[in-house]
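# Residue-level structural notes
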Amino acid sequence: RFLFRSSGINAEYGGHMLAHLEQEEKAEQQFNCPTCAFKTPRRSTLTKHINTVHARDRTSGILYCDQCEYKTPTKSHLRNHMLAHSGNRQYQCPHCTYSSNFSNALTRHMTMHSRELFESKAAEASTGTSASQG
């Protein structure tokens, strides 16, 4: 008899032991969904997940978000959209509380601060005062 301490499985025959070891090894493998954070040890489960959760409308070729009403014909657009649901925004504005998942959105936002600074300096020049003078 073989006892697997990690899972508590008792195997009477060596063949059962090998089958169990293969199953444990496969359990360590993870198949990740390319669209969302879903993970599974079985490829078939991932395929089923993609076909049900991220299924394209067979007639129109549209992909749907499983968390809101968003839809798009492009996988990369859906993937980018799903980042909005994660709540984790990696690009933070150093001047205010704005943050984004996309560097180009932060760059576009930063132009607003540049415009504000320019307008502030233009106002100072026209009045002959500076912000530091009070």
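As shown above, the structure is provided for reference.
Read on for a plain summary of the structure. (Residues numbered from 1 in each chain as written. Predicted model: local features only at pLDDT ≥ 70, side-chain atom pairs only at ≥ 80, totals over all residues. Heavy atoms only, no water.)

## Focus: the overall build of the chain
Formally: Counting from the N terminus, the helices are the DSSP runs of H or I reaching at least four residues and the strands are the DSSP runs of E reaching at least two. Accessible area is worked out with a 1.4 Å probe on protein chains only. A residue is then buried under 20% of its type maximum, exposed over 50%, and partly exposed in between. Two residues form a contact once any of their heavy atoms are found within 4.5 Å. All accessible-area figures derive from a Shrake-Rupley calculation using a 1.4 Å probe, and residue coverage is judged against the displayed protein chains alone.
What the chain contains, in helices and strands, is four helices and eight strands. Reading the chain from its N end, one meets helices and strands in the order β-β-α-β-β-α-β-β-α-β-β-α. Residue burial in the chain is summarised as follows: out of 134 residues, 18% are buried. Within the chain, contacts between residues at least 6 apart in sequence are counted, and of these 5% link residues at least 24 apart. About 10200 Å² of surface is accessible on the chain, with carbon and sulfur atoms providing 53% of the total.

## Looking at helix α3 (residues 75-86)
Note the following rule: By this rule the span expected of a helix is its residue count minus one, scaled by 1.5 Å. As used here, the arc belongs to the directions running from the helix axis to the C-beta atoms.
With 12 residues, α3 extends 17 Å from end C-alpha to end C-alpha; this agrees with the ideal 16 Å at 1.5 Å per step. Along α3, the positions that sit buried rather than exposed are Leu 78, His 81 and Met 82. The arc that holds every buried residue of α3, seen down its axis, measures 105°, which confines them to one face. Where α3 is buried, its residues meet β5 (63-64) and β6 (71-72).

## Observations regarding the side chain of His 49
In this fold, His 49 is placed in helix α2 (residues 43-53). If near-sequence neighbours (up to four positions away) are discounted, His 49 is found in contact with Cys 33, Cys 36, Phe 38 and His 54.

## Details of the side chain of Thr 40
Stated precisely, the cut-off is as follows: For the purposes of these results, a polar contact is taken to be a pair of N or O atoms within 3.5 Å, where, inside protein, one atom must be able to donate a hydrogen and its partner to accept one; residues adjacent in sequence count only when each atom of the pair is a side-chain atom.
Take Thr 40: it is sitting in strand β4 (residues 39-40). From its side chain, Thr 40 meets the backbone nitrogen of Arg 42 in a polar contact 3.3 Å long. Beyond its immediate stretch of four places on either side in the chain, Thr 40 contacts Gln 29, Gln 30, Phe 31, Thr 45 and Leu 46.

## Brief notes about the environment of Asn 101
Relative to the helices and strands, Asn 101 resides in the loop between β8 (99-100) and α4 (103-127). Residue class for Asn 101 comes out buried when judged on its relative accessible area of 10%. Sequence-wise, Asn 101 and His 81 are 20 residues apart; in three dimensions their C-alpha atoms are separated by 9.6 Å. Ignoring any residue separated from it by four or fewer positions in sequence, one finds Asn 101 in contact with Leu 83, Ala 84, Asn 88, Arg 89, Gln 90 and Tyr 91. At a separation of 3.1 Å, a polar atom in the side chain of Asn 101 contacts the main-chain carbonyl oxygen of Leu 83.

## Describing the environment of Gln 67
Examined against the element boundaries, Gln 67 turns out to sit in the loop between β5 and β6. The sequence separation of Gln 67 and Val 53 amounts to 14 residues, and the corresponding C-alpha distance is 9.8 Å.

## Focus: the state of the cysteines
Here, disulfide denotes a covalent bond that connects the sulfur atoms of two cysteines. Basically, it comes down to this: The disulfide criterion used throughout: a pair of cysteine sulfur atoms within 2.5 Å.
Summed over all chains, the structure comprises zero disulfides. Take Cys 36: it sits in no disulfide, and the sulfur closest to it among the cysteines is that of Cys 33, at 3.8 Å. Residue Cys 36 is classed as partly exposed on the basis of its relative accessible area, which comes to 22%. You can see Cys 68 has no disulfide; the closest cysteine sulfur is in Cys 65, sitting 3.7 Å from it.

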